[in-house]
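The chain contents come next:
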Amino acid sequence: MSNTSAPAQTPLTELAAWKALEAHYKSISTAHLRDLFKNDPERGTRLTAEADGIFLDYSKHRITDETIQLLLQLAEESGLKSRIDAMFSGEKINITENRAVLHVALRAPKGEKIVVDGEDVVPEVHTVLDRMAAFSDRVRSGEWKGYTGKAIKNIVNIGIGGSDLGPVMAYEALKHYSQRDLTFRFVSNIDGTDFVEATRDLDPEETLFIIASKTFTTLETMTNAHSARVWALAKLKHEAAIAKHFVAVSTAEKEVTKFGIDTANMFGFWDWVGGRYSMDSAIGLSTMLAIGPDNFRKLLAGFHAMDEHFRTAPLEKNLPALMGLLTVWYTDFFNAQTVAVLPYDQYLKRFPAYLQQLTMESNGKHVTLSGKHVNYETGPIFWGEPGTNGQHSFYQLIHQGTKLIPCDFIGFSKTLNPLGNHHDLLMANVFAQAEALAFGKTAEEVKAEGTADWLVPHRVFEGNRPSNTILVPELTPEALGKLVALYEHSVFTQGVIWQINSFDQWGVELGKVLAKNIGHELEGAEKVTSHDSSTNNLINLYKKQRG
């Protein structure tokens, strides 16, 4: 395997900008946002950026103009622009797997040219999209019939990781645009409960399964797929029925055929698409079936708009770059361990879960591109919940706890479901929470309200808690594409600064290998002694209790 793409780099902590940031942090770490705003009346309008309708207010961060300039200098010294160009041009920047990283090609319009190994991949992408669209139209219109002649009413996506999190998130996010006479379910967990509960009220005669596995060997996915096969045939009886009730998102033609799926209904993707970046590939077939080909193309157009912004905008106005640099700032200088993503729209209830894979599988790395152990923090923990739910759950810790937790508030100016004054109240909470986190309430302000002296410390809000506010006109397919791409490219920015490979995931392999071995041991009756004393004891206790 070649690693000629690994850039020769000065270690991060030896860069001039990094050293300057270390010194700058000492001078600014105690500054309070109350004073930063008081001393700079234009701050709230100046420290903002906008691209294609996505408005970012980053003024409520513990930064000054000097901070931003030093972070931009760090991006320059890290070669961010050249790394962006390398990704978009199809260079094999995933050096540990010797692969290009071209999720941007999945949303490139017809006529654009992106070359991998001497071949323009854009026409092939659109060929698959056109086949997906033709298939979706047949199912959505009722033209596609199951084995007994009934139209499809239920669609079950079976996948895991990127083959599940993206489709689930997109379905929930764009449910407003979905065809409501179709029922969608998603099965990912190898726990049989997931499959049983997803299918218990469905009729096999009206159910279509999408099996999403590139190799058609993924343990969880194929275990669930075979259970689905048994479930369907229990009523449909005939093996020939499989071709009418199962389609594949895969490139393993032989395995797909062996399963009984007609390869005419196999939709492929490429090794330059990482799983967590694949929701706009054929992995998004369930999304297209839900919202229709036209809306799916609008989703792609939103992705592409943010791609172009990231590729062409100056770094000082570049939304993903700014967000990525601010994450580095808090992770490495303030020792912030997490980032809270707080979407104030119920449709985005699965967005934080989707971002967990995108961010933590990408940047949860402890060695640099050159294989050296890092001596700084990488990959913060991403988490969150939608809307005001979190305010009655974990916001207490964000406001008055001992952890510094940068927050991303995401709000929409227009609601898709007007209902009295609900939306104004929802958005009032977005603005109020960001304001409260930034400015807090002093002991003097608490006393002025007539609070007893003994109670004052309990009611003080220190403030100085940083946040982004991302304001979007409306949650449309285009807007969702832009938001996902915004975070994709922010993650890329962080990875470039940290000099790590954001596009492999070796950390998921060891547990899978061990689980496969233990799975075989669980089949036998003999006592297991091949592991450490704890693992041996747990396995043997399980076997005893299982009977």
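Residues numbered from 1 in each chain as written. Predicted model: local features only at pLDDT ≥ 70, side-chain atom pairs only at ≥ 80, totals over all residues. Heavy atoms only, no water.

Under the annotation held in an unreviewed UniProt entry, the protein carries the name Glucose-6-phosphate isomerase and is attributed to Silvibacterium dinghuense. UniProt annotates the protein under Sequence similarities (unreviewed entry) with the comment "Belongs to the GPI family." For the record of the protein, the UniProt heading Function (unreviewed entry) holds the text "Catalyzes the reversible isomerization of glucose-6-phosphate to fructose-6-phosphate." (UniProt positions renumbered as here; feature names shortened; annotations may be inferred.)

### A word on the sheet that holds strand β13 (residues 467-472)
One open sheet accounts for six strands, arranged β1-β2-β13-β12-β10-β11; its pairing is mixed. Looking along the sheet, the strands with just one partner apiece sit at the ends: β1 (48-51) and β11 (381-383). If you compare each strand with its neighbour and ignore which way they point, the axes differ by 15° on average. With four bridges joining them, strand β10 (residues 338-343) and strand β12 (residues 407-412) adopt parallel strand pairing. Pairing of Ala340 across the sheet is with Cys407, part of β12. Lying on the sheet, helix α14 (residues 319-333) is in contact with β1, β2 (54-57), β12 and β13; it crosses β1 at an angle near 140°. Sheet strands in contact with helix α17 (residues 422-439) are β12 and β13, and its direction is about 155° off that of β12. (Pairing = 2+ DSSP bridges. Helix = DSSP H or I, 4+ residues; strand = E, 2+ residues; numbered from the N terminus. Axes fitted to C-alpha atoms, helices over the stretch in contact; angles between N-to-C directions. Contact = heavy atoms within 4.5 Å.)

### Things to note about the UniProt feature "active site" (unreviewed entry) in the protein
Using the residue numbers shown here, the UniProt feature "active site" (unreviewed entry) corresponds to Glu361, His392 and Lys512. A maximum C-alpha distance of 37.1 Å shows the annotated residues, which cover 152 residues in sequence, to be distributed over more than one spot. Along the chain, Glu361 turns up in helix α15 (residues 351-363). Once you skip the residues sitting within four places of it in the chain, Glu361 turns out to touch Arg276, Gln356, Asp504, Gln505 and Val508. Reaching out from Glu361, the side chain makes a polar contact with the side chain of Arg276 at a distance of 2.9 Å. As for its position among the elements, Lys512 is in helix α21 (residues 509-523). The class of Lys512 is partly exposed, set by a relative accessible area of 45%. (Polar contact = N/O pair within 3.5 Å; in protein donor to acceptor, adjacent residues only side chain to side chain. Buried < 20%, exposed > 50% of the residue type's maximum accessible area, 1.4 Å probe, protein only.)

### Quick look at the packing of aromatic side chains
Considering all chains together, one arrives at 26 aromatic pairs under this definition. Geometrically, the ring pair formed by Tyr25 and Trp329 is edge-to-face, given 6.2 Å between the ring centres and 80° between the ring planes. With Tyr25 in helix α1 (residues 16-28) and Trp329 in helix α14, the pair connects residues that are 304 residues apart, well separated along the chain. The exposure class assigned to Tyr25 is partly exposed, which follows from its relative accessible area of 25%. Each ring, one from Tyr330 and one from Phe334, has its centre 5.3 Å from the other, and the planes form 45°; the classification is tilted. (Phe/Tyr/Trp six-rings, centres within 6.5 Å; stacked < 30°, edge-to-face > 60°.)

### So, the pairing of strand β8 (residues 246-249)
The alternating pattern of β8 places Phe246 and Ala248 on one face and Val247 and Val249 on the opposite face, and all of these are buried. With four bridges connecting them, strand β7 (residues 207-212) and β8 associate as parallel partners. Bridge pairing in β8 links Phe209 to Phe246. With two bridges connecting them, β8 and strand β9 (residues 266-267) associate as parallel partners. Within β9, the position partnered with Val249 by the bridge is Phe267. Crossover handedness for the path β8 to helix α11 (residues 253-259) to β9: right-handed. (Right-handed = clockwise from strand over helix to strand, strands pointing away.)

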